[in-house]
Amino acid sequence: MNHLLFENIDEPGLNTLEVYRRRGGYQMAEQALAMARDSIVTALKDSGLRGRGGAGFPTGMKASFIPQGKMDKYLVCNADESEPGTFKDRELIQKNPHSLIEGMIIAAYAVGANKAFIFIRGEYVQQAEILEAALAEAKEAGLIGPNVLGRGMELDMWVHRGAGAYICGEETGLLDALEGRRGNPRLKPPFPANQGLYQGPTLLNNVETLTAIPYILRVGAEAYAAMGVEKSSGTKLISVSGNVKRPGNYEIELGMTGRDIIYGLAGGITDDREVLLWFPGGSSSPVLTKDDLDLPYDYDSLAGAKTMLGSGAIIVADDSNSVVDIAVKTASFYKHESCGKCTPCREGTNWTTKMLKRIQSGEATPMDLDVISSVCDQIMGNCLCVLGDAMAMPVASMVTKFRPHFEAHIEQARAANEARLLAELEATGPVLEGIGATASYR
């Protein structure tokens, strides 16, 4: 198993410039600044690196969209890691912040940006302080500033703390927040590569994507592309959580099976129970079942199974859980985080949550499952950003794949409600008799 990003991750002091440089840090930045800019973009294309933030868009191609010529250009790092189940970027920032800074120096040079921002999730207070300390070291050493590494490149870099809203993980919502406004998504096009931060061309990638760049230059694009599988090259950091024996972050080569990850790396299911369902790419991904455990974990195989790799967060639920409760929690989260700017998301997440709670409380009928599926269909693809889809996709998949579970829950909950009402009527018998007597008198 090849480890790149996690190669020395647990070495004490790796977050300091001294230890990072002792491990060969910033050598790739020095080499990159001696290269032609377009050769770096070509290397990223040849490596096959796809964005590690969720969309999986080819990194080199995105960089090539930044227009050439002298103008204000920006590099923005999305460190607003707020997808439930995802915590890999937090570990990278906390233990190896200089690798992110080095990746950003190289990326900024490749596209001609001279201002860079790291937009970090508001709750990551400790990680923000570590990043700020690393950035101060880098500036003191001449790695950031008016003459980077003595090569005549100008680059300023800042850490910007967000306020803790899920929508700011969406790239245009992040840009609005970075400009000091409420974090709302923008209509696209124009895309950030042409009109992003302060209306200027902006390259926007997440922490893991930018951190991978120095390692790609170190091993070579061809060697990196040889890792993993076709169209899903390289290594990927995954966060495994839920009902597993060894939750945590792991670096894998893409193409491993879900079974090897859950039963191998993560040690299997707690108390040796069975898998009920698993989210392969964070809480926004359509769920898979125990029958899908042998599916290769890569972008195209998961897309073929009508789900997605997303942020690389695998959340496992065993058979002691209620799929109805999981659906309610998932929908409630996205209802809470909807910015409310577009109707399908604002109303759709609200209605879906209400209907799922009706199922949970025994007030629904099986017909409500059809209504939920219909509402989810109306949400998907009709919102300003993907937040509405992020709720609709997993909920719709749960209703489809676990319909008998939902129907059984509806029947049991309705029966329990009826039993409770009968018990209450029996308890209020004397009152009813009194009412009956009054009616008779009239």
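Located above this text is the structure these notes cover.
Residues numbered from 1 in each chain as written. Predicted model: local features only at pLDDT ≥ 70, side-chain atom pairs only at ≥ 80, totals over all residues. Heavy atoms only, no water.

**With respect to the overall build of the chain**
Then comes step 1: A count of helical and extended segments in the chain gives 18 helices and eleven strands.
Then comes step 2: For the chain, the spread of C-alpha atoms along the three principal axes comes to 100 × 45 × 35 Å.
Then comes step 3: A total of 442 residues make up the chain; the buried ones form 53% of that total.
Then comes step 4: The contacts in the chain between residues at least 6 apart in sequence include a share of 71% that link residues at least 24 apart.
Then comes step 5: As displayed, the chain has an accessible area near 19200 Å², and 52% of this comes from carbon and sulfur atoms. (Helix = DSSP H or I, 4+ residues; strand = E, 2+ residues; numbered from the N terminus. Buried < 20%, exposed > 50% of the residue type's maximum accessible area, 1.4 Å probe, protein only. Contact = heavy atoms within 4.5 Å. Areas by Shrake-Rupley, 256 points an atom, 1.4 Å probe, with all protein chains shown as cover.)

**Digging into the pattern of salt bridges**
Then comes step 1: As enumerated under the stated definition, the model contains 25 salt bridges in all.
Then comes step 2: Across the pair K88 and D89 runs a salt bridge, and its minimum N-O distance is 3.0 Å. Residues K88 and D89 agree in their burial class; the two are buried.
Then comes step 3: Among the salt bridges present, the one from R259 reaches D294, with a minimum N-O distance of 2.8 Å. Taken together, the residues span a long stretch of sequence, with R259 in helix α11 (residues 258-265) and D294 in the loop between β10 (275-279) and α12 (299-304) at a distance of 35 residues. (Salt bridge = Lys/Arg side-chain N within 4 Å of Asp/Glu carboxyl O.)

**What to know about the pairing of strand β1 (residues 74-79)**
Then comes step 1: Across the six residues of β1, six count as buried, placing the element largely inside the fold.
Then comes step 2: With burial as the criterion, each face of β1 is covered, one bearing Y74, V76 and N78 and the other bearing L75, C77 and A79.
Then comes step 3: One ladder, built from six bridges, connects β1 with strand β2 (residues 115-120); its direction is parallel. Looking at β2, one finds that C77 is bridged to I118. (Pairing = 2+ DSSP bridges.)

Read these as geometric descriptors, not functional statements.
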